[in-house]
Amino acid sequence: MHNFTPLSALIGGLLIGLINVGMILSYFLIRYADVWGRRRVMALTIFGYTLTSILTGLAPNVFLFCAAQLLARMFQMTELAVAMVYAAEEFPAERRGRTIALIQACFSVGAIGCAAVTPRLLQTGSGWRAVYLFGASSIGLLLFAARGLRETGRFLRTTQSELAALAGLSRQTVNEVVAALARQGRLRPGYGGLWLAP
């Protein structure tokens with residue numbers, strides 16, 4: 001149960017290549033950060049990466065393993081890209097480069113940490129599956145920590161400007177409408193911004 005049927009080097013290489021297609025597919029998900037908001041996409045990717053890590057650890061065959069890993073790579077690369085967008089939009093110019101470098105360093109330290117604990121996890125009764133299940137548990141902690149993550153100010157300003165342009169209203173008029181709705185109690189904080197209550 002712990003290992004799949006042995007594969008030839010050719011098939012194994014093709015499957016690894018297929019899994020890495022997930023990194024290319026991340027491009028399409030990253031683009032939704034400009035539509036749905038950075039916060040929503042970040043939460044989606046953290047949740048998606050956690051779920052696909054669990055599915056990888058529970059995969060009953062090599063094909064489901066590859067499918068879960070392809071999606072995991074897509075979520076992982078999107079998460080990293082959105083973190084870079086947060087750094088670029090939320091930090092002043094003099095700290096931006098250092099912040100992006102720190103994000104990259106943390107990504108690398110995480111990979112090194114995973115490599116360090118993998119030999120011990122392989123010795124458990126779950127074998128290689130323990131690596132993915134353990135990884136999912138630590139990602140779950142990140143999901144808990146990210147619940148207080150705010151939307152970037154730039155995305156909120158851009159969205160407000162686009163709404164004003166679409167409606168043919170000035171930014172001041174949009175601000176007045178939002179303030180009036182807030183006074184009436186019709187606006188409430190929602191996932192990724194404000195929601196209009198009925």
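Note: the structure precedes this text.
The following paragraphs examine the structure supplied in this document. (Residues numbered from 1 in each chain as written. Predicted model: local features only at pLDDT ≥ 70, side-chain atom pairs only at ≥ 80, totals over all residues. Heavy atoms only, no water.)

1. Here's the deal with the packing of aromatic side chains
Now for step 1: Using the criterion set out here, one finds five aromatic pairs in the structure.
Now for step 2: Considering the side-chain rings of Tyr-32 and Trp-36, the 4.4 Å spacing of their centres and the 25° angle between planes classify their relative orientation as stacked.
Now for step 3: A relative accessible area of 38% means that Tyr-32 is categorised as partly exposed.
Now for step 4: By relative accessible area, Trp-36 is classed as partly exposed at 37%. (Phe/Tyr/Trp six-rings, centres within 6.5 Å; stacked < 30°, edge-to-face > 60°. Buried < 20%, exposed > 50% of the residue type's maximum accessible area, 1.4 Å probe, protein only.)

2. Remarks on the nonpolar core
Now for step 1: Counting residues in each nonpolar core, the largest one holds 17 residues, and the members touching the most others are Met-42, Tyr-49, Phe-75, Val-82 and Ile-103.
Now for step 2: Only α2 (38-58) and α3 (62-90) provide two or more residues apiece to this core.
Now for step 3: For this core, the element with the most residues is α3, which contributes nine residues.
Now for step 4: Sequence-distant contacts of Tyr-49, defined by excluding residues within four places in its chain, comprise Ala-72, Phe-75, Gln-76, Glu-79 and Ile-139. (Core = buried A, V, L, I, M, F, W, Y, C linked by side-chain atoms within 4.5 Å. Helix = DSSP H or I, 4+ residues; strand = E, 2+ residues; numbered from the N terminus. Contact = heavy atoms within 4.5 Å.)

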